[in-house]
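# Summary of structural features
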Amino acid sequence: MKLILSLSLCLALALPVTSVAAELPAPTGPVVLTVAGEIANANVDGTAQFDMEMLDALPGRETVIETPWYEGTKSFSGPLISAILDAVGAEGATLRVTALNDYSAEIPRSDVEEYPVILATRVDGEKMSLREKGPAFVIYPFDVAPNLYNEMIFGRSVWQVTALQAY
Ligand SMILES: Nc1nc2c(c(=O)[nH]1)N[C@H]1C(S)=C(S)[C@@H](COP(=O)(O)O)O[C@H]1N2
Ligand SMILES: [Mo]
């Protein structure tokens, strides 16, 4: 009985999650992030667009770390990039991350599968304005993987992120 109960509970919980992932709802607020390229779940004109509420609803993480970009230790939080890729049904082994200032970097998908890399939308709990490197900042988990604290990874740590492309 207990098993059946927990099984049906699992189903009840799992099914809506699956259908959300397979069918991305359209954003209702200002668009923060656009994902393009090889994606299965588009919601606006062949791209997957996210407002802040949609990003906040994804599995995320907080990491409290020192970085080259801020004085002292800061808390960074936001969705896991792997969760964003899952939500859009991304394929391909590479991710191009593009910022407002036209800077872009290539991130191997293996990075976000191996490590809990986030697209931080909050620093010390506050949304980031554009002048504070917002609206989103790729943050590697220097807390769980101090080996990532190097120039190659700094180059992939894109701030003012507005777009991802999967290919
Ligand atoms: N939006 C944006 N993010 C960026 C960059 C940039 O020019 N624009 N430079 C990258 C590179 S190459 C590195 S090494 C670090 C540099 O950070 P710093 O300029 O604070 O030293 O940020 C990365 N993230
Ligand atoms: Mo760099």
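Summary of the structure given here. As the structure is a computational prediction, the values presented were derived from the model and not from experiment.

## Overview of the side chain of Asn 41
As for its position among the elements, Asn 41 is in the loop between strand S1 (31-37) and strand S2 (48-51). Assessed through its relative accessible area of 11%, Asn 41 is described here as buried. Of the polar contacts made by the side chain of Asn 41, one reaches the backbone oxygen of Ala 87; its length is 3.0 Å.

## Describing the site of ligand 1
The local shell around ligand 1 consists of Trp 69, Ala 99, Asn 101, Tyr 103, Glu 151, Phe 154, Gly 155, Ser 157, Val 158 and Trp 159. Residue Trp 69 places a side-chain N or O atom 2.9 Å away from an oxygen atom belonging to ligand 1. Trp 159 places a polar main-chain atom, nitrogen or oxygen, 2.8 Å from a nitrogen atom of ligand 1. Relative to its free-state accessible area of 530 Å², ligand 1 is covered by the protein chains to the extent of 65%. It is helix H5 (residues 151-156) that provides the largest number of residues to the shell around ligand 1, a total of three residues.

## Things to note about the nonpolar core
Of all hydrophobic cores here, the largest spans 48 residues; its most connected members are Leu 33, Val 35, Phe 50, Ile 84, Val 138 and Val 161. Considering every element that reaches this core, the biggest residue donor is helix H3 (residues 81-88), with six residues. In contact with Val 138, other than residues within four places in its own chain, are Ile 81, Val 97, Ile 107, Val 117, Ile 118, Leu 119, Arg 156, Ser 157, Val 158 and Val 161.

Analysis parameters
- Residues numbered from 1 in each chain as written.
- Chains lettered and ligands numbered in written order.
- Predicted model: local features only at pLDDT ≥ 70, side-chain atom pairs only at ≥ 80, totals over all residues.
- Heavy atoms only, no water.
- Helix = DSSP H or I, 4+ residues; strand = E, 2+ residues; numbered from the N terminus.
- Buried < 20%, exposed > 50% of the residue type's maximum accessible area, 1.4 Å probe, protein only.
- Polar contact = N/O pair within 3.5 Å; in protein donor to acceptor, adjacent residues only side chain to side chain.
- Near = heavy atom within 4 Å.
- Areas by Shrake-Rupley, 256 points an atom, 1.4 Å probe, with all protein chains shown as cover.
- Core = buried A, V, L, I, M, F, W, Y, C linked by side-chain atoms within 4.5 Å.
- Contact = heavy atoms within 4.5 Å.

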